[in-house]
Amino acid sequence: MSILSETGGPVLVTGGKGQLATSLVNLGGPRIRCVGRPDFDFDRPETLKATLDAIKPVAVVNAAAWTAVDLAESEPEAAARANTTGPELLARLCAERGIPFIHVSTDYVFAGDKGAPYVEADPVSPQTVYGSTKAEGEQRILAADPRSIILRTSWVYSAHGKNFVRTMLNVGAKNPALKVVGDQRGNPTCSDDLAQAILSILATIENTGWKDEYAGIYHACGTGETTWHGLAEAALQKAAEYGQAKPTITAIRTEDWPTPAKRPADSRMDNSKLAHVFGIQMPQWQESVNKVVHQIFTTPS
């Protein structure tokens, strides 16, 4: 059952059939109204106002984004429309209507060289086109709508959609040995956990009314840290409990797996502000990985 009351107005969620949008639809109850392309499309700005006019939401959650990190290097204009100018316009439309706007951002706004978990006050220094478009999007949104909440998250996975955990389970089922990057550190985040955090924020706003201290940037990622190698190990170890043979997983260096976009070496983030302001404790990543793998193996396809 959703933690949102059943009596309030509709909550507009963008992102179509993406991981977070799907989780919000599954967990949010009948008030969630999810939209995606072609009806809602940042490449067609007129669809934004038309969607808000039709649905008349009491709040908007933007789970739509350009997330193809490597492709953004060669298509920066398209990435900017999805991550910067499109969300800015959506924030402005929410401001005109006086409704809260929750936007999802990324750990890739950081360089990854701090050597400790990032807090919200740390300066951003994106190293990729993707990270740059998300960082600029954050600032434009905050300037456009005083009732904006930005949630930076990281390494999102789920039982649905395309993500690292599902990929590891698929390739692990077909190969006796895998090589996975072991020198990038971060916080894996289950999309269901992020969706629950967003629903909790919305419920708090409905219960207390909007408070100016709610506005701003928060980190919302899985509690605890690991590497991509560690995440693969955890997922495939759990999969072995369901009869899938566990491959040998060798940790490799980032330079052994070159990509067009430079990933941050250490993008760990601190969730303390989210806990302090909204009382939200993000679950331990290991527990959530186990739940997701369980879902994958026990849910009929």
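This text goes with the structure placed above it.
Remember, it's a predicted structure, so these values are computed and weren't measured experimentally. (Residues numbered from 1 in each chain as written. Predicted model: local features only at pLDDT ≥ 70, side-chain atom pairs only at ≥ 80, totals over all residues. Heavy atoms only, no water.)

1. Remarks on empty space enclosed by the protein
To find leftover empty space, one rolls a probe the size of a water molecule over the atoms. The condition that has to hold: Points on a 1 Å grid, built from protein atoms alone, make a cavity when a 1.4 Å probe fits but cannot get out and make a pocket when they are open with protein on both sides within 12 Å along at least 5 of 7 lines; residues with an atom within 4 Å of a point are the lining residues. Grid points are joined across faces, edges and corners, and a volume is the space filled by probe spheres set on the points. Side-chain classes follow a simple rule in which Ala, Val, Leu, Ile, Met, Phe, Trp, Tyr, Cys and Pro form the nonpolar group, Asp, Glu, Lys and Arg form the charged group, and the remainder, Gly included, forms the polar group.
Within the structure shown, the criterion is met by one cavity of 30 Å³ or more. By volume, the largest cavity amounts to about 40 Å³. Along its surface, the largest cavity is lined by Ser2, Leu4, Ser5, Glu6, Gly28, Gly29, Pro30 and Arg31. Taken together, the residues of the lining of the largest cavity sort by class into two nonpolar, four polar and two charged.

2. A few points about the side chain of threonine 51
Condition: The secondary structure listing takes helices from DSSP runs of H or I that are at least 4 residues long and strands from runs of E that are at least 2 residues long, numbered from the N terminus. Per-residue accessibility, obtained with a 1.4 Å probe over protein chains only, is compared with the maximum for each type, and a residue is labelled buried under 20%, exposed over 50%, and partly exposed between these values. Contacts between residues were defined by any pair of non-hydrogen atoms, one from each residue, lying within 4.5 Å.
On the secondary structure map, threonine 51 appears in helix α2 (residues 46-55). By relative accessible area, which is 8% here, threonine 51 ends up buried. Other than its neighbours up to four places away in sequence, threonine 51 contacts Leu12, Val35, Asp39 and Phe40.

3. As for the pairing of strand β5 (residues 148-153)
To keep things clear, this is the line we draw: The path from the first strand over the helix to the second decides the hand: if it runs clockwise while the strands point away from the viewer, the crossover is right-handed. Pairing between strands requires that DSSP locate at least two bridges from one strand to the other.
The buried fraction of β5 amounts to six of the six residues, a majority that puts the element mostly inside the structure. Residues Ser148, Ile150 and Arg152 of β5 are buried on one face, and the alternating residues Ile149, Leu151 and Thr153, pointing to the opposite face, are buried as well. Crossover strand β4 (residues 101-106) to β5 through helix α5 (residues 129-144) is right-handed. Pairing geometry for β5 and strand β10 (residues 216-219), over four bridges, is parallel. Paired with isoleucine 149 across the bridge in β10 is glycine 216.

4. Here's the deal with the layout of surface pockets
Taken as a whole, the second largest pocket encloses approximately 170 Å³ of empty space. Taken together, Leu27, Cys190, Asp192, Asp193, Gln196, Pro283, Glu287, Ser288, Lys291, Val292 and Gln295 make up the lining of the second largest pocket. Broken down by secondary-structure element, the contributors of at least two residues to the lining of the second largest pocket are α7 (191-208) and α10 (285-298). When residues of the lining of the second largest pocket are assigned to their parent elements, the largest contribution, five residues, is made by α10. By residue class, the composition of the lining of the second largest pocket is four nonpolar, three polar and four charged.

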